[in-house]
Amino acid sequence: MENTIKQITVNALRDLYQTEITPEQVKLEPTNSDFKGDFTLLTFPFLRFSKKNPEQTAQELGLYLVQNITEIEQFNVVKGFLNLEISPSYWVNKLVEVNCNVASSTHQKVMVEYSSPNTNKPLHLGHVRNNLLGYSVAEILKKSGNEVYKINLINDRGIHICKSMLAWQLFGNNETPESANMKGDHLVGKYYVIFDKAYKTEVAELVNQGKAQEQAEKQAPLILEAQEMLRKWENGDAEVIQLWKTMNEWVYAGFELTYKALGVDFDRFYYESNTYQLGKDNIEEGLANGVFYRKPDQSVWIDLTEDGLDHKLVLRSDGTSVYITQDIGTALLKYQDYHCDKSIYVVGNEQDYHFKVLFLILKKLGYNWSNGCYHLSYGMVDLPSGKMKSREGTVVDADDLIAEMIETAKVKTEELGKTEGLSEEEKQQLFRMLGLGALKFYMLKVDPQKRMLFNPQESIDFQGDTGPFAQYAFARITSMLKAAKQLNQEIAFKSVEVSSSEIALIKTLYNYQLEVEKAAQAYSPAIIAHYALELAKAFNRVYNDVPFLREKDDSKRSFRLFLASKTADIIQDALSLLGIDCPERM
RNA sequence: GGUCUCGUAGCUCAGUUGGAUAGAGCAACAGAUUUCUAAUCUGUGGGUCAGGGGUUCGAAUCCCUUCGGGAUCACCA
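## Quick notes on the overall build of chain A
When helices and strands are tallied, chain A shows 22 helices and 14 strands. Taken over the C-alpha atoms alone, chain A extends approximately 90 × 65 × 45 Å along its principal axes. For chain A, the residues scored as buried account for 52% of the 586 residues in total. A separation threshold of at least 6 residues defines the contact pool for chain A, and within that pool the share at least 24 residues apart is 73%. Per element, the accessible surface of chain A, about 28,000 Å² overall, is 47% carbon and sulfur. Distance between charge centroids for chain A: 2 Å, based on 65 positive and 80 negative side chains.

Okay, structure coming up:
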């Protein structure tokens, strides 16, 4: 319809004002809900052609459009805005076209790398945002017609890992996840904290003995020992490697449980311990080609000042690799393995500079595919008390958080007496759907790029702009349709008269595909979240407005049940893009 | 200090390629159910879109500037 209106407007300008324009120049928008109409045509840009005032111009165009487009019943003019009113039957018939399939123009191979944890600590709130975002963006891209691979790049090597290992060696007494009855990632994290504590004590002692803070931090025996361990690791020391393997396995087992609880998944894992060597090889190549240069101390750098950045180190003077060395290697390996058109990195915005540098280096190395690399940079998660700081113990643990959400769902659901007749297993399933629905929705409804505040009290709210709000609309419809079937009521499309709230709902349903495309283009689950809310609201309004099961008119009842079932389909589909499941009753 | 980024109602957030009187939710207050799930719906109050300047028919949106918050600028990752 939009295209028709635009095309006819082009004709109108030709016939009325002897002016040629393209359909793209026609500004057409959905009419603001405060005004009467479905589409609004902006006449301001045409004034110089009509040489008349906005009202007159709008009048003339309105008359022309009504005469030439049968679906347009009436129009009204407010200032320079031409509001076009489409016949209700047009919208009613549109409902037939509504479905969950998104016919997409793009068919690309896309890789989404997300989660990417370090193996020295359990996952926390920040990781939760990352995981939910990555999963959802991947699902949205899939929905809009792309071939998507979800990748998790595990940072399994480096000094931080050695800290946990060393602390375990010194203070662990051979403790294992089994003996401690603790998830493996939490156990390893515990030793990371123990290291940090002991290290600080050492530093404080050295400072007391008169050393400068900075010097003390570098000379504390524990840090020296950890560094020694890292060297041993790089040299393949059997004992260190064995310990490293064992402790990493503990962590992986722990992560797996968390991922499962969150409902996120991956097509493939990469490990930095496998990719850093490839990066190093590439540096050597680039060195030969003059992309990099070597300083007298043997460290290797790249000059990015021409591009407004700085000189950047890519290899230490002792020949070992740094963070970006590994990332060059990983990028290369990922491309070799998949040849994706696009490669998306879901990483926090504190690394904006790093990715700017990385992509630029890849380009300078001559990899054209680096044009398809994109850093999906998301904002940090703050707490009402301020920033999360591990040192101050204000970090919100992912496992705790999930458990609390489910527990809250349980309490609230039982308070409302909604569990009657459910088996124990069904109950657990319901609490999980609701708790995670609330959590996921809360985190995904905010624009990814923006910093967000995590308010524990609000996150477990089940009213208003929340996941459970949308889930509730689905549950209501599902149980209604169930009742309809028991009553042998027909659920089918009929050409009937509809109320304005029903038209509003149909329009919203019809917009689904557009919204998915928009979300895919912007890499933004927030767009889907807001859409799902809008849809649930539009349905709730109809539900309060007109009867469904009790409608006396058979055709109308059939139609409304059909409308409801379409709504349920779309709500479920939209929420699934956010990783949220819908319960059939709640 | 250099670079990047953000600033919208008491709080949390929306706001399409610049378009009408800047919108939701929470919180506050007032209503709706002999009726299909009230985890719902309807209404009221609440704004110098951080301040200032510019571009134009028209700016929360684009440009400049000031102020304020955050990030980053490591032979850490």
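From this point, the discussion proceeds with the structure in view.
## Let's talk about the state of the cysteines
Scanning the model with the defined rule gives 0 disulfides in all. Unpaired in this structure, Cys 340 has its nearest cysteine sulfur neighbour in Cys 373, at a distance of 10.0 Å. When its relative accessible area of 11% is taken as the criterion, Cys 373 is described as buried.

## A closer look at the packing of aromatic side chains
As enumerated under the stated definition, the model contains 26 aromatic pairs in all. Plain terms: the ring middles of Tyr 259 and Phe 266 are 5.0 Å apart, the flat faces sit at 70° to each other, and that makes the pair edge-to-face. Note on accessibility: Tyr 259 and Phe 266 belong to one class, buried. Three or more aromatic residues link up through ring pairs in this structure, and these residues are Tyr 114, Phe 255, Tyr 259, Phe 266 and Phe 269. A cation over an aromatic ring shows up here: Lys 295 above the ring of Trp 301, its NZ or CZ 3.9 Å from the ring centre. Stacked on the ring of Phe 462, the Lys or Arg Lys 412 has its end atom at 5.1 Å from the ring centre.

## Here we look at the pattern of salt bridges
This structure, assessed with the given rule, holds 27 salt bridges. Here Glu 85 and Lys 36 are joined by a salt bridge, their closest N and O atoms 3.7 Å apart. Highlighted residues: Glu 85 in strand β4 (residues 81-86) and Lys 36 in the loop between β1 (28-30) and β2 (39-42), separated in sequence by 49 residues. Of the residues examined, Glu 85 reaches a relative accessible area of 10% and is grouped as buried. Taking the relative accessible area as the measure of exposure, Lys 36 reaches 54% and is therefore exposed. Linked through salt bridges whose partners overlap, the residues forming this network are Glu 139, Lys 142, Lys 150 and Asp 265.

## What about the sheet that holds strand β11 (residues 342-348)?
Spatially, the 5 strands line up as an open sheet ordered β7-β6-β5-β11-β12, and their pairing is parallel. On the outer flanks of this sheet lie β7 (268-271) and β12 (373-378), each paired with one strand and no other. Averaged over all pairs of adjacent strands, the angle between their axes in this sheet comes to 25°, without regard to strand direction. As defined by bridge partners, β11 adjoins β12 across 6 bridges and the pair is classed as parallel. Looking across to β12, one finds that Ser 343 is bridged to Cys 373. Along the sheet face, helix α12 (residues 272-288) touches β6 (147-154) and β7 and points at about 60° away from the line of β7.

## Looking at the sheet that holds strand β9 (residues 300-303)
If you walk across this open sheet you meet the 3 strands as β8-β9-β10, and the pairing is antiparallel. In this open sheet, the two edge strands, each paired with only one partner strand, are β8 (293-294) and β10 (311-315). Note: β9 against β10, 4 bridges, orientation antiparallel. What sits directly across from Asp 303, in β10, is His 311. Sheet strands touched by α12: β8, β9 and β10. Its angle to β10, the strand with the most contacts, is close to 125°.

## Side note on the domain arrangement of chain A
Along its sequence, chain A is organised into domain 1 (2-86), domain 2 (270-396) and domain 3 (398-576). Put simply, the middle of domain 2 and the middle of domain 3, counted by C-alpha atoms, are 41 Å apart. Buried surface at the junction of domain 2 and domain 3, summed over both partners, amounts to about 1,200 Å²; 58% is from carbon and sulfur atoms. For the pair domain 2 and domain 3, the interface holds 1 salt bridge. Between Arg 451 and Asp 382 there is a salt bridge whose closest N-O contact spans 2.7 Å. Our count for the domain 2 to domain 3 interface comes out at 5 residue pairs in polar contact (both at pLDDT 80 or more). Elements that contribute at least two residues to the side of domain 2 that touches domain 3 include exactly β11, β12 and β13 (381-382). In terms of residue count, β12 provides more of the side of domain 2 that touches domain 3 than any other element does, 4 residues in total. Residue classes in the side of domain 2 that touches domain 3 are distributed as 9 nonpolar, 3 polar and 3 charged.

Quick notes on the rules
Residues numbered from 1 in each chain as written. Chains lettered and ligands numbered in written order. Predicted model: local features only at pLDDT ≥ 70, side-chain atom pairs only at ≥ 80, totals over all residues. Heavy atoms only, no water. Helix = DSSP H or I, 4+ residues; strand = E, 2+ residues; numbered from the N terminus. Buried < 20%, exposed > 50% of the residue type's maximum accessible area, 1.4 Å probe, protein only. Contact = heavy atoms within 4.5 Å. Areas by Shrake-Rupley, 256 points an atom, 1.4 Å probe, with all protein chains shown as cover. Lys, Arg positive; Asp, Glu negative; His and termini not counted. Charge placed at Lys NZ, Arg CZ, Asp CG, Glu CD. Disulfide = S-S within 2.5 Å. Phe/Tyr/Trp six-rings, centres within 6.5 Å; stacked < 30°, edge-to-face > 60°. Lys NZ or Arg CZ within 6 Å of the ring centre and 35° of its normal. Salt bridge = Lys/Arg side-chain N within 4 Å of Asp/Glu carboxyl O. Pairing = 2+ DSSP bridges. Axes fitted to C-alpha atoms, helices over the stretch in contact; angles between N-to-C directions. Domains from an automatic or database assignment. Buried area = accessible area lost by both parts, 1.4 Å probe. Polar contact = N/O pair within 3.5 Å; in protein donor to acceptor, adjacent residues only side chain to side chain. Nonpolar A, V, L, I, M, F, W, Y, C, P; charged D, E, K, R; others polar.

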